[in-house]
Amino acid sequence: MGFSTDAIHFGQKPDKESFSVIPPIYLATTYARKFEDRDAPFVYSRTQNPNRKMLEENIAKLENGKYGFAFSSGVAAVTAVMKLLKPGDHVITTKNIYGGTLRVFKEMEKWGIKFSYVDMTQVENVERELKPETKMIFAETPSNPLLYLTDLKKLSQIRDSFNREILIAVDNTFMTPYLQRPLELGCDIVVHSSTKFLNGHSDVVGGIVVTNRDELQKPLWYIQRAFGAVPSPFDCWLLLRSIKTLAVRMNQHCYNAKRIAIFLASHPKVKRVFYPGLPSHPQYELAQSQMKDFGGVVTIDLGSKENVRKFLDNLKIFTLAESLGGVESLVNHSWTMSHSSVSEEEKKELGLTEGILRLSVGIEDVEDLIDDLEQALEKI
Ligand SMILES: Cc1ncc(COP(=O)(O)O)c(C=O)c1O
């Protein structure tokens, strides 16, 4: 089946009682059971719930994985993946990553997990850090907010030649399985903040983990129910509803973002544009081979905090807000917002400055969005 057919149907059947085409929301916290029946599909709603099960089957299929797990936030999903590790284990990752994920890694250091941070745009840097204790490589591609890429196929080849047991986890939030499928490129775990493009309507906070490794099914399920960071049935229902339109939404996000990136790249008030779909992006070739399209996030450098302030004060359609991936256009000042938990020194090391803004390009009429950006740039 094609992507959208699966997105709309997989894991869902008309309700057995009412034949409703859309599944009901199962709000029950607990389920009637038979004495000593250990195989009942639903027992208690933290452990499993019909809406969560439908969502998990659906997203696993879309990522071409075997097992899906839904969490109450993207950060909870990242944390669940980290909980697969034990003290003394070593992880290779990068600081060019969502600030909250970096914060989880710093917390994990307190529990004895060791981290090496490298520039993952060159996978050879990962190869140099591989050690017998290395148990995981964690990538985010494109990265938040500077849209650096990691070559996932090359990464998995390097891992295979060192030790196949090392897990490669990839945060696929910016792409969604419609645009990029890390498991098909040899990676083992996909993580999402489903708060973003997967849900796409800025009304659910959620996280997803998908794997195709059989040996991870039980540990991940154990972590999910033992630590209990699970989404509500209503959130699962909303997310499954949203995924039905993922492909059409992503097509429009990509179209609008590319038009905007081209417009901004030739604007004299814009110092730099970061977008993997522009030939000027240093990894444009990799973007073309690894991703079906280039996504809905465009990052720009306006040169200074003062310019940022004037620009933000004059925007009319783009809203200054945390988050991304919704149908409405948002703008985020990474220095003070998404990456506020990262130290100033580290931000500078990453190339993040006070003049940088991350645009989450929505699916409004692109001419209106360009007009909005143009009039706000004129005020600088
Ligand atoms: C790439 C990425 N991963 C993970 C997260 C964390 O997700 P959540 O905010 O749903 O916990 C975010 C949030 O912005 C993100 O951008």
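The rules behind these values
Throughout, residues of each chain are indexed from 1 in the direction in which the sequence is written. Per-residue local features of the predicted model are confined to residues with pLDDT of at least 70, and side-chain atom pairs are confined, for both listing and counting, to 80 or more; whole-chain, interface and lining totals are unaffected and use all residues. Calculation of side-chain values draws on the structure's entire complement of heavy atoms; hydrogens and water are dropped beforehand. UniProt positions are given in the numbering used here, feature names are shortened, and annotations may be inferred rather than shown by experiment. A pocket, in this scheme, is an open set of points on a 1 Å grid over the protein atoms alone with protein on both sides within 12 Å along at least 5 of 7 lines, while a cavity is a set where a 1.4 Å probe fits but cannot get out; residues line either one if an atom lies within 4 Å of a point. Grid points are joined across faces, edges and corners, and a volume is the space filled by probe spheres set on the points. When residue character is reported, Ala, Val, Leu, Ile, Met, Phe, Trp, Tyr, Cys and Pro are called nonpolar, Asp, Glu, Lys and Arg charged, and the others, Gly included, polar. What fixes the domain bounds is an automatic or database domain assignment. Labels follow the DSSP assignment, with helices taken as runs of H or I lasting at least four residues and strands as runs of E lasting at least two, numbered in each case from the N terminus. Each residue's exposure class comes from its accessible area (1.4 Å probe, protein chains only) as a fraction of the maximum for that residue type: buried when under 20%, exposed when over 50%, partly exposed otherwise. The contact rule is simple, with two residues in contact once any of their heavy atoms fall within 4.5 Å. Identification of polar contacts relies on pairs of N or O atoms within 3.5 Å, with a donor-acceptor requirement for protein atoms, meaning one able to donate a hydrogen and the other able to accept it, and with residues adjacent in sequence counted only if both atoms are side-chain atoms. For this analysis, a nonpolar core means a set of buried residues of the types Ala, Val, Leu, Ile, Met, Phe, Trp, Tyr and Cys, connected via side-chain atoms within 4.5 Å. In these notes, residues near a molecule or strand are those with any non-hydrogen atom within 4 Å of it. All accessible-area figures derive from a Shrake-Rupley calculation using a 1.4 Å probe, and residue coverage is judged against the displayed protein chains alone.

Under an unreviewed UniProt entry, the chain has the name Cystathionine gamma-lyase and belongs to Candidatus Chryseopegocella kryptomonas. Under the Sequence similarities (unreviewed entry) heading, UniProt states for the chain: "Belongs to the trans-sulfuration enzymes family." Turning to the chain, the UniProt record has this under Cofactor (unreviewed entry): "pyridoxal 5'-phosphate".

What about empty space enclosed by the protein?
Applying the stated rule across the entire model yields 1 cavity of 30 Å³ or more. One number sums up the size of the largest cavity: a volume of about 30 Å³. Lining of the largest cavity is provided by Pro142, Leu147, Phe174, Met175, Pro276, Phe294, Gly295, Gly296 and Val297. Residues that form the lining of the largest cavity fall into these classes: 7 nonpolar, 2 polar and no charged. A domain-level breakdown of the lining of the largest cavity finds at least three residues from each of domain 1 (3-243) and domain 2 (247-378).

Some details on the environment of Thr47
Tracing the sequence through the fold places Thr47 in the loop between helix 1 (3-9) and helix 2 (50-62). With a relative accessible area of 19%, Thr47 lands in the buried category. For the pair formed by Thr47 and Gln224, sequence separation is 177 residues and the distance between their alpha carbons is 7.9 Å. Leaving out residues up to four positions away in the same chain, Thr47 has contacts with Arg52, Trp221 and Arg225.

Remarks on the side chain of Glu56
In this structure, Glu56 sits in helix 2. In this structure the side chain of Glu56 is engaged in a polar contact, spanning 3.1 Å, whose partner is the side chain of Gln48. Each residue touching Glu56, except ones within four places of it in the same chain, is listed here: Gln48, Gly68, Phe69, Ala70 and Gln224.

A look at the nonpolar core
Membership of the largest hydrophobic core comes to 64 residues, with the highest contact counts inside it found for Ile260, Leu264 and Ile300. Among the elements that make up this core, the one with the highest residue count is helix 10 (residues 246-265) (9 residues). Not counting residues up to four positions away in its chain, the partners in contact with Ile260 are Phe318, Leu359, Val361, Val366, Leu369, Ile370 and Leu373. Counting 29 residues, the second-largest nonpolar core is a separate cluster that includes Leu85, Ile113, Ile189 and Ile223.

Re unusual backbone geometry
Excluding glycine, residues mostly carry a negative phi; peptide bonds, for their part, are mostly trans. With an omega dihedral of -5°, the bond running from Thr141 to Pro142 counts as a cis peptide bond. Looking at the secondary structure, you find Pro142 in the loop between strand 4 (134-140) and helix 6 (152-162). The phi dihedral of Phe19 falls on the positive side, at around 65°, and the residue is not glycine. For Phe19, the location among the structural elements is in the loop between helix 1 and helix 2. Phi at Ser323 takes a positive value of approximately 80°, unusual for a residue other than glycine. Among the secondary structure elements, Ser323 is positioned in the loop between strand 10 (319-320) and strand 11 (330-332).

Side note on the site of the ligand
Not every one of the 13 residues close to the ligand is listed here, only the nearest: Val75, Asp171, Ser193, Thr195 and Lys196. The contact in question runs from an oxygen atom of the ligand to an N or O atom on the backbone of Gly74, over 2.9 Å. Within the side chain of Asp171, one N or O atom sits 2.6 Å away from a nitrogen atom of the ligand. For the ligand, the accessible surface in isolation is 400 Å², of which the surrounding protein chains cover 90%. Per-class residue counts for the shell around the ligand are 3 nonpolar, 7 polar and 3 charged.

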